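# Coordinate analysis (summary)
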Amino acid sequence: MARTLSEIPPSPLVTVDRLLRSGAHAEPVPLQQGRTVFEPCARPGTWERAEFGIAPHEHAPPAGVPALREAFADTASRRRGTPVDPGQVLVTSGATHAIAVVLHAILNPGDEVLVLSPQWLFATGLVWAAGGTPREVPVFLELSEDPGFDFVAAIERAVGPRTRAVYFNNPNNPTGFRLDERALGDLAALAERHDLWLIADNAYENYDFGDTGFLDTATVPGAAERTFSVHSCSKTYAMPGARVGHLIAPPGVEETLTKWSLHTLYSVSTAAQFTAFRALSTPAEELTRRRELAERAWQRADSALEIPHTRVAGGLYTFLDLSRYGDGDAFVRRCAEAGVGLAPGRVFGGHCDGWARLCFTAAPEEAVADAIGRINKIYWEGGLDR
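Residues numbered from 1 in each chain as written. Predicted model: local features only at pLDDT ≥ 70, side-chain atom pairs only at ≥ 80, totals over all residues. Heavy atoms only, no water.

Looking at an unreviewed UniProt entry, one finds the chain named Aminotransferase, with Streptomyces dubilierae as its source organism. As stated in UniProt under Sequence similarities (unreviewed entry), the record for the chain gives "Belongs to the class-I pyridoxal-phosphate-dependent aminotransferase family." Regarding the chain, the relevant UniProt record gives this comment under Cofactor (unreviewed entry): "pyridoxal 5'-phosphate". (UniProt positions renumbered as here; feature names shortened; annotations may be inferred.)

This is the structure in structure tokens:
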């Protein structure tokens, strides 16, 4: 077997899920999962060729069904305030596939990607799988503690002769920290100084709780020509099973990206693309309502948690600081035995052993409140400060 991913262990979320299912608690609460309790904005259905330009039984073009690419481009144009050409849009099998396509397109063996950390748990594995070398740059916990932390200097120190790109998600999974316009501008300026690509993971764009709302990195001065914008229907439209996302590329690289997509997937399921097409007609008021519900879920979790945790400005998670407990993995196991799933911090960065991620939208309000009560009890029973 190839050794590319030999150093990466299987997903620990599978272990947490197994512990939940094998435990004695009658009503386990899976807060380790990144999801919402919202209904999907669209469900699979049938259609006539005239509605979508392609019949359900036909395979889609490798870059995506033209009607869907145009709809994604229209949505992005309204969000950005500047026109996005449908030719820049590549329909992908979720954000995971979009990031993989970018990495395969830009990396030669041994090239480095700076991963702003803590990071989405599969980011470093995707870099390894593309033949690159991920280099974690801790910034988000530092920024959560001190908004004045010079994160650009930390990134600059990590830049080397083989550095090709910077990957980050905003709002951040798992900390909930939000890079604002000034921070994104500083990041874009750094990328320009060192001639780096920016891979902006925008999976949580609909859950930005800032007063000014979500800011697409590509709209920051100097960023458009070097930013790959990754988007997903899984969170915004609550349809993770459809596995539809899209990538908005800088001008001039579309053909290369389409080739990589073709040779890794051929094309996303036509039925899934039609479901995404329907989801894009969701009223803006409904998406706003969901964002407000998610923010209220965070506020309830924040007030109930007795465990130190990160402040949340966006996304669906807070990161629990378990340093006073003594062992983050032991805490996660103990919570799973008590029927509450948490994601172990170590999967979000090599420096995060003493942390755990909690998704406050993964279950109904009453269930989340009950689960937080359970983990508070475990924390004080087993913590070093008890």
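Here the narrative resumes, following the displayed structure.
## Considerations on the pairing of strand S6 (residues 227-232)
Counted residue by residue, S6 has six buried out of six residues, so it is predominantly covered. Examined bridge by bridge, strand S5 (residues 197-201) and S6 share four bridges and lie parallel to one another. Within the sheet, the bridge partner assigned to Ile-199 lies in S6 and is Phe-228. Alignment of S6 against strand S7 (residues 245-248), held across four bridges, turns out to be antiparallel. (Buried < 20%, exposed > 50% of the residue type's maximum accessible area, 1.4 Å probe, protein only. Helix = DSSP H or I, 4+ residues; strand = E, 2+ residues; numbered from the N terminus. Pairing = 2+ DSSP bridges.)

## Brief notes about the pattern of salt bridges
All told, the structure shown has 19 salt bridges when counted by the stated rule. The salt bridge involving Glu-365 is made with Arg-300; its shortest N-O contact spans 3.5 Å. Separated by 65 residues along the polypeptide, Glu-365 in helix H14 (residues 365-382) and Arg-300 in helix H12 (residues 284-304) bring together distant segments of the chain. Taking relative accessible area as the criterion, Arg-300 reaches 36% and is therefore assigned partly exposed. The structure contains a network of salt bridges with shared partners spanning Arg-79, Arg-80, Glu-205 and Asp-216. (Salt bridge = Lys/Arg side-chain N within 4 Å of Asp/Glu carboxyl O.)

## Focus on the side chain of Thr-318
Relative to the helices and strands, Thr-318 is located in strand S8 (residues 317-321). Residue Thr-318 is classed as buried on the basis of its relative accessible area, which comes to 0%. Residues contacting Thr-318, with those up to four places away along its chain left out, are Pro-174, Trp-298, Leu-305, His-309, Thr-310, Val-312, Ala-356, Arg-357, Leu-358 and Phe-360. (Contact = heavy atoms within 4.5 Å.)

## Some details on the nonpolar core
In terms of nonpolar packing, the biggest core is built from 41 residues, with Leu-31, Leu-320, Leu-322, Phe-331, Leu-342, Leu-358 and Ile-375 touching the most fellow members. The set of elements that each furnish at least two residues to this core consists of helix H1 (12-22), H12, S8, helix H13 (328-337), strand S10 (355-359) and H14. The element contributing the most residues to this core is H14, with six residues. When near neighbours in sequence (up to four residues on either side) are disregarded, Ile-375 contacts Leu-305, Ile-307, Leu-320, Phe-331, Cys-335, Val-340, Leu-342 and Leu-358. Counting 36 residues, the second-largest nonpolar core is a separate cluster that includes Leu-13, Leu-90, Tyr-167 and Trp-355. (Core = buried A, V, L, I, M, F, W, Y, C linked by side-chain atoms within 4.5 Å.)

## Some details on the state of the cysteines
Applying the stated criterion across every chain, the model contains zero disulfides. This cysteine, Cys-352, is not joined by any disulfide, and Cys-359 carries the nearest cysteine sulfur, 17 Å off. Of the residues examined, Cys-352 reaches a relative accessible area of 0% and is grouped as buried. (Disulfide = S-S within 2.5 Å.)

## Regarding the UniProt feature "domain: Aminotransferase class I/classII large" (unreviewed entry) in the chain
As recorded in UniProt, the feature "domain: Aminotransferase class I/classII large" (unreviewed entry) lies at residues 60-375. Between the first and last C-alpha atoms of residues 60-375 the distance is 47 Å; the span itself is 41% helix and 16% strand.

## Some thoughts on the packing of helix H3 (residues 66-80) against helix H11 (residues 270-279)
The description of two packed helices rests on the angle between their axes and on the distance between the axes. The geometry of H3 relative to H11 is characterised by a closest axis approach of 10 Å and an angle of 35° between their N-to-C directions. The crossing of H3 and H11 is left-handed. The residues of H11 that touch H3, namely those facing Ala-67, Leu-68 and Ala-71, are Gln-273, Ala-276 and Phe-277. Residue composition of the contact of H3 with H11, grouped by class: five nonpolar, one polar and no charged. (Axes fitted to C-alpha atoms, helices over the stretch in contact; angles between N-to-C directions. Left-handed = near helix turned anticlockwise from the far one by under 90°. Nonpolar A, V, L, I, M, F, W, Y, C, P; charged D, E, K, R; others polar.)

## Topic: unusual backbone geometry
Cis rather than trans, the peptide bond between Ser-117 and Pro-118 has omega equal to 0°. Note the cis peptide between Asn-170 and Pro-171, where omega equals -5°. Tracing the chain through its elements places Pro-171 in the loop between strand S4 (163-169) and helix H8 (181-194).

## Overview of the packing of aromatic side chains
Counted according to the given criterion, the structure contains 16 aromatic pairs. Taking the centre distance of 5.7 Å and the plane angle of 90° together, the rings of Phe-319 and Phe-348 count as edge-to-face. Placement of Phe-319 in strand S8 and of Phe-348 in the loop between strand S9 (343-344) and S10 is noted, with a sequence separation of 29 residues between them. According to the relative accessible area criterion, Phe-319 is buried, its value standing at 0%. Through a chain of ring-to-ring contacts, the aromatic side chains of Trp-47, Phe-52, Phe-274 and Phe-277 assemble into a single cluster. (Phe/Tyr/Trp six-rings, centres within 6.5 Å; stacked < 30°, edge-to-face > 60°.)

## Quick look at H13
Three or more residues of H13 are buried, namely Gly-328, Phe-331, Val-332, Cys-335 and Ala-336. Across the axial projection of H13, the buried residues extend over an arc of 135°, all falling on one side. Residues of H13 that are buried make contact with H1, S9, S10 and H14. Where H13 begins, the side chain of Asp-327 points an oxygen toward the backbone nitrogen of Asp-329, at a separation of 3.1 Å. Count one or two residues on from H13 and you reach Gly-339, which has phi positive near 90°. (Arc of directions from axis to C-beta. Polar contact = N/O pair within 3.5 Å; in protein donor to acceptor, adjacent residues only side chain to side chain.)

## Concerning the sheet that holds S10
Reading across the sheet, the three strands line up as S8-S10-S9 and stay open at both edges, with antiparallel pairing between neighbours. Sheet topology places S8 and S9 at the edges, where each strand pairs with a single neighbour. When S8 meets S10, the two strands line up antiparallel, connected through five bridges. Its bridge partner lying in S10, Tyr-317 is registered against Cys-359.

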